[in-house]
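# Structural overview for review
Residues per chain are reported as follows:
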Protein chains: 2
Amino acid sequence: MYRPEIKVFDCTIRDGGLMNEWRFEKPLVKDVFDGLARAGVDYAEIGYRVDKKMFSPKDFGPWRFCEEKDLRDVAYECDTKVSIMCDVGRTDYDAFLPADESIVRLVRVATYVPDIDKAIHLGKHLKGLGYEVSVNIMAVSHALEVDLDEALDQLGETNFDMVYLVDSFGYFYSEQIHWLAEKYLARLPGKELGIHCHNNQQLAFANTIEGIIKGINYVDGTIYGIGRAAGNCPLELLIGFLKNPKFDVRPVFDLIEKYFFDMKKELRWGYELPYAVTGILNKHPRAAMAFLKGVHGNSCSEFFDELLNVDDV
Amino acid sequence: MYRPEIKVFDCTIRDGGLMNEWRFEKPLVKDVFDGLARAGVDYAEIGYRVDKKMFSPKDFGPWRFCEEKDLRDVAYECDTKVSIMCDVGRTDYDAFLPADESIVRLVRVATYVPDIDKAIHLGKHLKGLGYEVSVNIMAVSHALEVDLDEALDQLGETNFDMVYLVDSFGYFYSEQIHWLAEKYLARLPGKELGIHCHNNQQLAFANTIEGIIKGINYVDGTIYGIGRAAGNCPLELLIGFLKNPKFDVRPVFDLIEKYFFDMKKELRWGYELPYAVTGILNKHPRAAMAFLKGVHGNSCSEFFDELLNVDDV
């Protein structure tokens, strides 16, 4: 499907970092950025920028903090724009330079529906500094519709660049994506939409396609699907699907063979039965990650029954 | 989605056998059949029945031939009907008892579009013996539309029970499934449709859901997605998705934990990069299987370029 407005957004390091505390070596990140640039990827999200007063650099790799000097060691000015993510409630407003002094082009603010006012406050600060701003509303499969509608209406009144539809728990299938995409489009006229899917039920790529079909232009993927738990939409499938001549899947294949085959054996993201259980039941995958470490009984059937009988985990 | 007409069709042993020459031990197959029955699965396809004059029982396990006595060792009369598959051109017409003397309820005839007359000839023989009959048209992503249309029209004139839409190469995405499902429905009024998807691009489950949405009632899955190359739609996801109260996903979880975790390490089905390449390029996965064995150069990028430059493989 060739639609020139479509932007491919890679979050390999940012979302993959959830599996290794963002301890990627700089030569790897540099190689990844360079490969993404050659693949024609529009944005590369290199990590989070969390408040150092809340999280110690001793406990995490550099991509938890994304200092300018670290970013400049791995990225360079080119058509692939550097993005970072920040969480509502974990961000030091003073950690951001004016955009024209930074290598960062886009900041994505991750929020839950009840924190939308805080997200807008932070987004306005970032927009004022000259960054492109996206608000990524997480866990909408747990949101009350009236609250989500109000959040979208508030975002519609901002000058932010994009709003993301996020399937945090890998719960949605196509008809739900269609319903949400139509809702976001109707309440956010003139704003670009993005979609970020998780693969708990092997639907991340499919749901991303459904987003594209409904008019969403910003589509997230990660190399070989790396990401928390079951991971994300595999970037190689997404680029293989898009017919825009600027994209080239080969550099992504090369990165996978050079780094991600072995990394997957170590970090173990991707489809596994406990993630299917949490996906089917619309639960956070942290319960599945605990099950894989031996908590929550011995069998997936027991795990399934346990999750059925709790209000939330 | 609760639609009582939906029938879940398991082909774990039949399609999984493509990965181990159908050498499943009888206690395992018996356990699988029993678990499927407890899960509420409507059909269990236990293997192929190929002509023994063409394939020697010395070279394959029993589920390549599915003799009545072997089937009766592992299956029993219950709400889960026994199915077997036979290929056009590889079938001994005399190998079938009258249906009322057989434990088999359904025979699925696998054919390519150009062999549709042979498939209909075989199907009529089987229907005459009293079996339910399905015709599964393989590789439709390589068929000329006018030929496919004619094949469907011919099938529409038979008294066969079902016709299957098959994505042999894991090439289709939702809009193509919709287009084909609408075509099959329009040309086969009054006949049940089935869908059988492969997972080369992680779209098997998603495409099966799209088939359901378009009105297809017979949906194929295999336990933990076992099957040739990237495998099939995972039965546990399919049953987790369907809301019909007769289905229970727990026996499938239990079978996976008892047998299929370890089996997957040995037989290595599921998503791998070379299968993504053949899926993206609408090629038979045999090229990817050869690549994984060291044929076709050293890197997936080279493999991709090689397949781009051949007319077919």
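Residues numbered from 1 in each chain as written. Chains lettered and ligands numbered in written order. Predicted model: local features only at pLDDT ≥ 70, side-chain atom pairs only at ≥ 80, totals over all residues. Heavy atoms only, no water.

### Regarding the sheet that holds strand E4 (residues 104-111) of chain B
Residues and elements named next belong to chain B. Here is the rule we go by: Here the rule is simple: two strands pair whenever DSSP picks up at least two bridges between them. Where helices and strands are cited, they refer to DSSP runs of H or I of at least four residues and of E of at least two residues respectively, numbered from the N terminus. For helices, the fitted axis covers only the stretch in contact; all axes are lines through C-alpha atoms, and the angles between them, taken along N-to-C directions, range from 0 to 180 degrees. Residue contacts are defined here by distance: any two heavy atoms, one from each residue, within 4.5 Å place the two residues in contact.
Read around the closed barrel, eight strands run E1-E2-E3-E4-E5-E6-E7-E8, paired in parallel fashion. Mean inter-strand twist for the sheet, computed between neighbouring axes without regard to direction, equals 25 degrees. Pairing analysis gives six bridges linking strand E6 (residues 162-167) to strand E7 (residues 192-197), with the strands arranged parallel. Looking across to E7, one finds that Leu165 is bridged to Ile195. Sheet strands in contact with helix H6 (residues 174-187) are strand E5 (132-137), E6 and E7, and its direction is about 160 degrees off that of E6. The strands that helix H7 (residues 204-213) touches are E6, E7 and strand E8 (218-221); relative to E7, the one it contacts most, it runs at about 165 degrees.

### Looking at the interface of chain A and chain B
Note the cut-off: Accessible area that two parts lose when put together, with a 1.4 Å probe and added across both, is what the buried area reports. Think of a salt bridge as a Lys or Arg side-chain nitrogen and an Asp or Glu carboxyl oxygen that are within 4 Å of each other.
Listed per partner, the contact involves 40 residues of chain A and 40 residues of chain B. With both sides pooled, the region where chain A packs onto chain B buries about 3200 Å², and carbon together with sulfur makes up 64% of that total. For chain A, the biggest contributors to the area lost against chain B are Gln202, Phe253 and Leu273 of chain A; these three give 18% of the whole. Here chain A and chain B share two salt bridges between them.

### Examining helix H5 (residues 145-156) of chain A
Residue and element names in this part refer to chain A. For clarity, the threshold we go by: Helix span, expected: 1.5 Å multiplied by one less than the number of residues in the helix. Here the term buried applies to any residue with accessible area under 20% of the maximum for its type, exposed to any over 50%, and partly exposed to those in between, with areas from a 1.4 Å probe on protein chains only. What the arc describes is the spread of directions from the helix axis to the C-beta atoms.
Taking 1.5 Å of rise per residue, twelve residues should cover 16 Å, and H5 covers 16 Å from first to last C-alpha, within 8% of that figure. Of the residues making up H5, those classed as buried are Leu148, Asp149, Ala151, Leu152 and Leu155. Projected down its long axis, H5 shows its buried positions confined to an angular sector of 160 degrees, all on one face. Those residues of H5 that are buried lie in contact with helix H4 (116-128), strand E5 (132-138), strand E6 (162-167) and helix H6 (174-187).

### Some details on the packing of aromatic side chains
Stated precisely, the cut-off is as follows: When two rings of Phe, Tyr or Trp (its six-membered ring) have centres within 6.5 Å they constitute a pair, described as stacked for plane angles under 30 degrees, edge-to-face for angles over 60, and tilted for the intermediate range. Think of it as a cone above the ring: NZ of Lys or CZ of Arg counts as a charge over the ring if it is within 6 Å of the ring centre and within 35 degrees of the ring normal.
Counted by the stated rule, this structure contains 32 aromatic pairs over all chains. Arranged with centres 5.4 Å apart and planes meeting at 15 degrees, the rings of Phe9 of chain A and Tyr43 of chain A form a pair that is stacked. Here Phe9 of chain A, found in strand E1 (residues 7-10), pairs with Tyr43 of chain A, found in strand E2 (residues 43-48); they are 34 residues apart in sequence, far enough to count as distant. Pair check on accessibility: Phe9 of chain A and Tyr43 of chain A agree, each one buried. Cation over ring: Arg49 of chain B sits above Phe96 of chain B, and NZ or CZ is 4.9 Å from the ring centre.

### Brief notes about the relation of the copies chain A and chain B
Basically, it comes down to this: The least-squares superposition of copies is restricted to C-alpha atoms, and to residues with a pLDDT of at least 70 in both copies.
If you rotate chain A by 180 degrees and push it 0.0 Å along the axis, it lands on chain B with an RMSD of 0.0 Å. As the rotation angle and translation indicate, the two copies are arranged about a two-fold axis. Both copies present the same face, since 100% of the interface residues in chain A are matched by interface residues at the equivalent positions in chain B.

### What about the packing of H6 of chain B against H7 of chain B?
All names here are of chain B. Here is the rule: The crossing is said to be left-handed when, going from far helix to near helix, the turn is anticlockwise and less than a right angle, and right-handed when the turn is clockwise. Each residue gets one of three labels, nonpolar for Ala, Val, Leu, Ile, Met, Phe, Trp, Tyr, Cys and Pro, charged for Asp, Glu, Lys and Arg, and polar for the others, Gly among them.
In the contact formed by H6 and H7, the axes pass within 9 Å of each other and the chain directions differ by 35 degrees. When you trace H6 past H7, the crossing you get is right-handed. Along the contact surface, H6 presents Ser174, Ile177 and His178, while H7 presents Asn207, Glu210 and Gly211. Across the contact of H6 with H7, the residue classes break down as one nonpolar, four polar and one charged.

### Quick look at the domain arrangement of chain A
Residue and element names in this part refer to chain A. As a reminder of what qualifies: Marked domain ranges trace back to an automatic or database domain assignment. In the analysis that follows, any N or O atom pair within 3.5 Å is treated as a polar contact, provided that within protein one partner can donate a hydrogen and the other can accept it, and provided that, for residues neighboring in sequence, both atoms belong to side chains.
Domain assignment breaks chain A into domain 1 (7-267) and domain 2 (273-308). Taking the mean C-alpha position of each, domain 1 and domain 2 sit 26 Å from one another. Tallying the contact residues gives twelve residues for domain 1 and ten residues for domain 2. Taking both sides of the interface into account, the surface hidden between domain 1 and domain 2 amounts to around 950 Å²; carbon and sulfur atoms contribute 61%. The interface formed by domain 1 and domain 2 includes three residue pairs in polar contact (both at pLDDT 80 or more). Grouping the amino acids of the side of domain 1 that touches domain 2 by side-chain chemistry returns five nonpolar, six polar and one charged.

### What to know about unusual backbone geometry
Despite not being glycine, Asn282 of chain A has its phi angle at roughly 60 degrees, a positive value. On the secondary structure map, Asn282 of chain A appears in the loop between helix H10 (273-280) and helix H11 (286-292). By relative accessible area, Asn282 of chain A is classed as buried at 13%. Although it is not a glycine, Cys66 of chain B adopts a positive phi angle of roughly 50 degrees. Tracing the backbone shows Cys66 of chain B in the loop between strand E2 (43-48) and helix H3 (68-74).

### What about the pairing of E6 of chain A?
Residue and element names in this part refer to chain A. Rule in force here: By definition, the crossover connecting two strands over a helix is right-handed if that path, from the first strand to the second, turns clockwise as seen with the strands pointing away from the viewer.
Burial of E6 is extensive: six of the six residues sit out of reach of the surface. Taking every second residue as pointing to the same face, both faces of E6 are buried, with Met162, Tyr164 and Val166 on one and Val163, Leu165 and Asp167 on the other. The sheet contact formed by E5 and E6 spans four bridges and is parallel. Paired with Ser134 across the strands is Met162, a residue of E6. Of the crossover connections in this fold, the one passing from E5 over H5 to the parallel E6 is right-handed. Note that the unit made of E6, H6 and strand E7 (residues 192-197) has a crossover that is right-handed.

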